[in-house]
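Take a look at the letters that make up each chain.
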Amino acid sequence: MELLLFLGYLIRYHYINNIYTKMKYNTLRALVKKELKEQLKEDYQDKFKMVGTLTTNVKERPQTEIYSDIRAIPGITVISSEEPLAYSEQDLSNFKAILSIKVDGYPFIKSGGFDRSKMLEIANQVQKVPGVKLFLVGKSDISQI
């Protein structure tokens, strides 16, 4: 009789312990899944937008050609600009515009990933376009679409 009670105790303890372990496992699993989703959300985000101040020398090269070269940079899909001052009020050797650039990260995802650091690389490529004097983009000016 004592053996039966002892076996019942062991079975009950094992059953309760098993339920507790599964609960802990499921809670941990849900937490890890949530954290991974948050991390991957930005790591594999493939569309970003950056807004920056573009200073160009329009005497050296027309603005339309500069914009065309910027659009030719891999990943850039759309650019739009807004002039803070009227064209007639600006110095043509230091022509300023607020440039908004949308980037599709697909070409970069195939070759190892795409994130905010790639956006800064693209900003550096814009800086190298002939006729561009300066392109200022802060980290806070880069956002997901």
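For the structure, see preceding data.
What you are looking at is a predicted structure, and each value in this text was computed from that prediction instead of being measured.

What counts, and at which threshold
- Residues numbered from 1 in each chain as written.
- Predicted model: local features only at pLDDT ≥ 70, side-chain atom pairs only at ≥ 80, totals over all residues.
- Heavy atoms only, no water.
- Helix = DSSP H or I, 4+ residues; strand = E, 2+ residues; numbered from the N terminus.
- Buried < 20%, exposed > 50% of the residue type's maximum accessible area, 1.4 Å probe, protein only.
- Contact = heavy atoms within 4.5 Å.
- Core = buried A, V, L, I, M, F, W, Y, C linked by side-chain atoms within 4.5 Å.
- Pairing = 2+ DSSP bridges.
- Expected span 1.5 Å × (residues − 1).
- Arc of directions from axis to C-beta.

Assignment of secondary structure puts Ser 100 in strand β3 (residues 95–104). On the accessibility criterion, Ser 100 (14% relative accessible area) is buried. Leaving out residues up to four positions away in the same chain, Ser 100 has contacts with Lys 49, Met 50, Val 51, Val 78, Ile 79 and Ser 80.

On to the nonpolar core, then. Counting 24 residues, the largest nonpolar core has Met 50, Ile 70, Ile 76, Ile 101 and Phe 135 as its most contacted members. Secondary-structure elements contributing two or more residues to this core are β1 (47–56), α2 (63–71), β2 (76–82), β3, α4 (116–127) and β4 (132–136).

Where β1 meets β3, 10 bridges bridge the pair, whose relative direction is antiparallel. Counterpart to Lys 49 in the pairing with β3 is Lys 102. In this structure, β2 lies alongside β3, joined through six bridges in antiparallel fashion. Pairing of Ile 79 across the sheet is with Ile 101, part of β3.

The subject of this paragraph is α4. In a regular helix each residue adds 1.5 Å, so 12 residues correspond to 16 Å; α4 covers 17 Å between its end C-alpha atoms and thus fits that length. Of the residues making up α4, those classed as buried are Met 119, Ile 122, Ala 123 and Val 126. Angular distribution of buried residues about the axis of α4 spans 105°; they occupy a single face of the element.

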